[in-house]
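# Examining the three-dimensional arrangement
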Amino acid sequence: MTVNNYDTFIFSHIPKCGGSSFRRYVIESCIASNINPDRVYAPGFNGIKNNKNIPQLKPRELKELRAKNLKVIADHSRFNVHRKYRMGMTKPFYYTIFREPVARFMSHYNFFYYKLGYGNCKGITLNELDEVKRIEVMTTVANLQVNYISNKTNDLGAVDTERYKLAINHIERHYACFGVLNDMEKSLNILSRYAPEWIQWKKDFPMENRNPGNKGKAEVKPEIIQQIQEINKYDMRLYDFVEKLFQLRYQAYCEDIDQLSANDK
């Protein structure tokens, strides 16, 4: 099942949701599809620095980027980036990947805080943080998936029910499809069937783990895991929603279509 009227492709890369691997997959697929590299904006590719996500660009850099008539964006930009920064994309195919919120948070902590030292937490595990510091860190990156999809970039307050409802609305109405990290095979199956035909998706997905030293969920105290779930309650609700919708879409886009095709033979 393919929709042909999308003129561009935008990947909303939510941090620590497998997006680095998928971003490389997008780039390789664009190259294989003979898309001009100058029309593909993905930090880490084509000489673009990793910290040059569109929201981080200076006015002069944005002006130069608009002149390139972009075909593909794959970076840490929230939903509606093409309108907010006037990218000239009239009919973008929006895509993102979601991850179970506890696993996402722990990956985020282990990479940015434990490994890189954000918040003066270098080498300190979640179990070792005192209660006040742990809540401070959790709150700083709480409900990040809802934040990215709802696109309330000018509101610095905590995520609430209205923002959660906005995220649901965007997923249902504006994301042509989406993936879940724990089932990339089905995710890519849906994408390859439903995405614009001008991107020919490569068969091999380059899954990479940039932080193999991450400590697993089982090593974190149960009460801390419960705390993560409570502070990320809107992400937990969102993930429950997207998992159910994902299975329904997979059945509609893939299993039902395959069965109909088999019956037609």
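Report on the accompanying structure. (Residues numbered from 1 in each chain as written. Predicted model: local features only at pLDDT ≥ 70, side-chain atom pairs only at ≥ 80, totals over all residues. Heavy atoms only, no water.)

## Digging into the packing of aromatic side chains
Two aromatic rings are characterised by how far apart their centres lie and by the angle between their planes. What counts here: Put simply, two rings from Phe, Tyr or Trp (the six-membered ring, in Trp's case) pair if the centres are within 6.5 Å, and we call them stacked under 30 degrees between planes, edge-to-face over 60, tilted for the rest. By the criteria applied, helices consist of DSSP H or I runs no shorter than four residues and strands consist of E runs no shorter than two, each listed in order from the N terminus. Partly exposed describes any residue whose relative accessible area lies between the buried limit of under 20% and the exposed limit of over 50%, with all areas from a 1.4 Å probe on protein chains only and scaled to the type maximum. The criterion for a charge sitting over a ring is simple: Lys NZ or Arg CZ within 6 Å of the ring centre, and within 35 degrees of the ring normal.
Applying the stated criterion across every chain, the model contains 21 aromatic pairs. A ring pair is formed by Tyr6 and Phe93, whose centres lie 5.0 Å apart and whose planes are at 80 degrees; its orientation type is edge-to-face. Residue Tyr6 is found in the segment before β1 (8–12), and its partner Phe93 is found in strand β4 (residues 92–98); the two are separated by 87 residues along the sequence. Owing to a relative accessible area of 13%, Tyr6 belongs among the buried residues under this scheme. Judged by its relative accessible area of 0%, Phe93 falls in the buried class. Judged by centre distance (6.2 Å) and plane angle (40 degrees), the rings of Tyr164 and Tyr234 are tilted. Pair noted here: Tyr164 is in helix α7 (residues 161–173) and Tyr234 is in helix α10 (residues 233–264), with a separation of 70 residues, a long-range link. Using a relative accessible area of 9% as the deciding quantity, one classes Tyr234 as buried. Here the aromatic cluster, defined as three or more aromatic residues joined through ring pairs, consists of Tyr6, Phe9, Phe11, Phe22, Tyr25, Phe93, Tyr95, Tyr194 and Trp201. Taking the ring centre of Phe111 as reference, the NZ or CZ of Lys16 above it sits at 4.3 Å.

## Brief notes about the packing of helix α4 (residues 101–115) against helix α9 (residues 222–231)
Counted only if it meets this: Between the N-to-C directions of two axes lies an angle of 0 to 180 degrees, each axis being a line fitted to C-alpha atoms and, for a helix, fitted only over the stretch in contact. Note on terminology: angles under 35 degrees are roughly parallel, angles over 145 are roughly antiparallel, angles of 65 to 115 are roughly perpendicular, and the others are oblique. Residue contacts are counted whenever heavy atoms from the two residues lie within 4.5 Å of one another. Each residue is assigned to one of three groups, with Ala, Val, Leu, Ile, Met, Phe, Trp, Tyr, Cys and Pro labelled nonpolar, Asp, Glu, Lys and Arg labelled charged, and all others, Gly among them, labelled polar.
Packing of α4 against α9 leaves a shortest axis separation of 10 Å and a crossing angle of 105 degrees. Classified by the interaxial angle, the pair formed by α4 and α9 is roughly perpendicular. Judged by residue contacts, Val102, Phe105 and Met106 of α4 engage Ile225, Ile228 and Gln229 from α9. Split by residue class, the contact of α4 with α9 holds five nonpolar, one polar and no charged.

## Some remarks on the state of the cysteines
The cut-off we apply is this: The disulfide criterion used throughout: a pair of cysteine sulfur atoms within 2.5 Å.
Applying the stated criterion across every chain yields a total of zero disulfides. The cysteine Cys254 is free of any disulfide, with Cys177 supplying the nearest cysteine sulfur at 9.4 Å.

## A look at the nonpolar core
Short version of the rule: We define a nonpolar core as any set of buried Ala, Val, Leu, Ile, Met, Phe, Trp, Tyr and Cys residues linked to one another through side-chain atoms lying within 4.5 Å.
With 68 residues, the main nonpolar core has Phe9, Phe22, Ile54, Phe93 and Leu191 as its most contacted residues. The leading source of residues in this core is α10, at nine residues. Ignoring anything within four residues of it in the chain, the contact list for Ile54 reads Tyr41, Leu62, Leu65, Ile73, Asp75, Ser77, Val81, Tyr85 and Met87. Core analysis: the second largest hydrophobic core is formed by 17 residues, Phe105, Phe112, Met138 and Val141 among them.

## A few points about the pattern of salt bridges
Should their charged atoms come close, side chains of opposite charge can pair. Put simply, the rule is: Salt-bridge detection follows one rule: a side-chain nitrogen of Lys or Arg within 4 Å of a carboxyl oxygen of Asp or Glu.
Enumeration over the complete set of coordinates arrives at seven salt bridges. With a closest N to O distance of 2.8 Å, Lys52 and Glu61 form a salt bridge. For the salt bridge of Arg60 with Glu64, the shortest nitrogen-to-oxygen distance reads 3.3 Å. Taken together, the residues Arg60 and Glu64, both in helix α2 (residues 59–66) and four residues apart, mark about one turn of the helix. With relative accessibility at 53%, the residue Arg60 sits in the exposed group. Exposure remark for Glu64: the relative accessible area of 46% places this residue in the partly exposed category.

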